[in-house]
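Listed below are the residues making up each chain.
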Amino acid sequence: MPVKKTKKWLTLLFRRKALVIISLLIQLAIIISLIAGTGIYLRYSYLVLGFISIIVCISIINKHEKPGYKLTWIFLILLFPFFGGILYIMLNFWSNPKRLRRALNRNIRDTQEAFLLPGNRLDELINIHPEFKTQAFYLQEYAGFPVYGNTRQVYFPSGESFFYNVLEELEKAKKYIFLEFFIIKEGHMLDFILKTLEKKAAEGLDVRIMYDDLGCFFTLPSDFQKKLRKRGIKTYVFNRFKPIISSLQNNRDHRKIISIDGKVAFTGGLNIADEYINVVKRFGHWKDAAIMIEGDGAWSLTLIFLQMWNLGFKQKDNYASFFPWKENIIEHTAGGVIEGYESWGYVQPYADSPIDPENVGEHVYIQIINQAKNYVYINTPYLIVDDNLLSALTLAAKSGVDVRIITPHRWDKWIVAITSRSYYRRLIQAGVKVYEYTSGFNHGKTFVSDDKIATVGTTNLDFRSLYLHFECGVLIYASETVAAVKNDFLNTLPRSQEITIKDCARNAFQRIVQDILRIFAPLM
């Protein structure tokens, strides 16, 4: 990129960044000054604000939210009785989740029948594998994500293998290409992908890119959307980051989806940025995981993308019109695979939303843990969990299940690292084996259990992923891909260090800091 263009890009970026930060600081100053101004009438203001804080605490206790969030907010209000209650009210007053919830629920209702266009395979799966009944039934009949057969699966244990196969499949596209990512960053990876997308758009394909505004706040120029549209690529920037103190700013689109003609789809931990394919090394070797599904199951991820895409447009898509097998029987073509592990079988793609009361991603994880008989192996970049997951993990270990978790040794967020390590103690004491990947940063999000079931997706084991972000994943039943996920975990262990109780907190001061940070874990 020329020097002048780089300077212009940086100027535009930091101009927007500065405006947002200044606006937020002004709002905080106004709130503080209003509260401080009540000191003129200290006696009355103390009674009024104290009463407001009590009402807010009662409201929080009765809300359908995670206990961790409730405890954190009540602690803050008790710590700052003047400020806490008012801040909570203003955060929620300036939010409008009802509008977003109505729009998303409408899109979900409109896609319900389309999900089953390839057929209903739930009974077939349960007849062959009755051990999967509870998990599969919950995801299909309650969460709305069907079981699919006739699906080829390719597991990628690295960003490099994922990237090469994405480029190969993009070249094969005939009708449409949909991309949805949390982070998109200019560089080698994006250049190669955009080159293909621009060519396909010129050929008349429907090419769409959706990305999260906050996720790309520091990685893309402000005119990136305009540049894409000039190339014939449709764009939607999800949940524009506005300089307003609002709880809606927490609800980010953390999904990673690529859908090609509704026949091939990718998801997993990888964003579009050079560190994910180790062209750039930020924290040593970047370890990640992704999956490609071809056939019936790819249709599900296509609809999950369209549900989100249509939040940004008044004119809605005709979902069924994208179904790739309207006239022809399903055909599959095996492409080249670099470092991938290929198999066929049943899959169940799923998605999670923070604006409904159902924590789909957490429930998928908990059911895998609770139903494990021999082992559960987990990759996660963060380990900040609530009592439900903590209890499930510790109970499984106490019951003789081999529970192992690999997290990073080199962290991208130090405060999250310290908080994550505070959870190690209880896990290790219960018999869970915790490892840290020492070769770099472990960004994979995988669960595998008993050589029978696995999931690959975007959901981290932290409060943000589990309860605040839009997420997705693919559940895999009784196929060779399950063994591939397991082997990848076992191959990562030699490059990881097992953590002991002594490693968790070496002195009383560290333990106190960790315990304090755990109070604020739901806000991280």
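Read on for an overview of the structure. Treat the numbers as computed from the prediction; the structure is a model and nothing was measured.

Overview of helix 16 (residues 480-492)
Between the first and last C-alpha of helix 16 there are 19 Å, a value that for 13 residues agrees with the 18 Å anticipated at 1.5 Å per step. The set of residues buried in helix 16 consists of T481, V482, A484, V485, K486, D488, F489 and T492.

Observations regarding the pairing of strand 8 (residues 290-295)
With respect to burial, strand 8 is a largely interior element, six of its six residues being buried. One ladder, built from six bridges, connects strand 1 (residues 148-156) with strand 8; its direction is antiparallel. Across the sheet, residue Y155 finds its bridge partner in strand 8, namely I291. Alignment of strand 6 (residues 264-268) against strand 8, held across five bridges, turns out to be antiparallel. Counterpart to V264 in the pairing with strand 8 is E294.

Focus on helix 8 (residues 159-171)
With 13 residues, helix 8 should reach 18 Å at 1.5 Å per residue; the first-to-last C-alpha distance of 19 Å fits that figure. Inspection of helix 8 places G159, S161, F162, F163, N165, V166, L167, E169 and L170 among the buried residues, and these make up the whole buried set. Buried residues along helix 8 sit in contact with strand 1, strand 2 (176-181), helix 9 (188-202), strand 5 (257-260), strand 6 and strand 8.

A short note on the packing of helix 8 against helix 9
Between helix 8 and helix 9, the least distance of the axes is 10 Å, while the angle of their chain directions is 10 degrees. Overall, the two elements helix 8 and helix 9 adopt an arrangement that is roughly parallel. From helix 8, F162, F163, L167, L170 and E171 reach across to helix 9, where they touch H188, M189, F192, I193, T196, L197, K199 and K200.

With respect to the pairing of strand 12 (residues 433-437)
Counting buried residues in strand 12 gives four out of five residues, a clear majority hidden from the surface. In this sheet, strand 12 lies alongside strand 11 (residues 402-408) in parallel orientation, the contact comprising five bridges. By the bridge assignment for strand 12, T407 is matched with E436. Once the chain exits strand 11 it traverses helix 14 (residues 414-430) before rejoining the sheet at strand 12, and the crossover so formed is right-handed. Relative to strand 17 (residues 496-498), strand 12 runs antiparallel, the two being bridged by three bridges. Its bridge partner lying in strand 17, E436 is registered against Q497.

Let's talk about the packing of helix 7 (residues 133-142) against helix 12 (residues 360-371)
Two elements in contact, helix 7 and helix 12, have axes whose closest approach is 10 Å; the angle formed by their N-to-C orientations is 170 degrees. One element, helix 7, and the other, helix 12, form an angle in the roughly antiparallel class. Contact residues: T134, Q135, Y138 and L139 in helix 7; V360, H363, V364, Q367, I368 and Q371 in helix 12. Residue classes in the contact of helix 7 with helix 12 are distributed as five nonpolar, five polar and no charged.

Cut-offs applied
Residues numbered from 1 in each chain as written. Predicted model: local features only at pLDDT ≥ 70, side-chain atom pairs only at ≥ 80, totals over all residues. Heavy atoms only, no water. Helix = DSSP H or I, 4+ residues; strand = E, 2+ residues; numbered from the N terminus. Expected span 1.5 Å × (residues − 1). Buried < 20%, exposed > 50% of the residue type's maximum accessible area, 1.4 Å probe, protein only. Pairing = 2+ DSSP bridges. Contact = heavy atoms within 4.5 Å. Axes fitted to C-alpha atoms, helices over the stretch in contact; angles between N-to-C directions. Parallel < 35°, antiparallel > 145°, perpendicular 65-115°, else oblique. Right-handed = clockwise from strand over helix to strand, strands pointing away. Nonpolar A, V, L, I, M, F, W, Y, C, P; charged D, E, K, R; others polar.

Nothing here speaks to function; it is geometry throughout.
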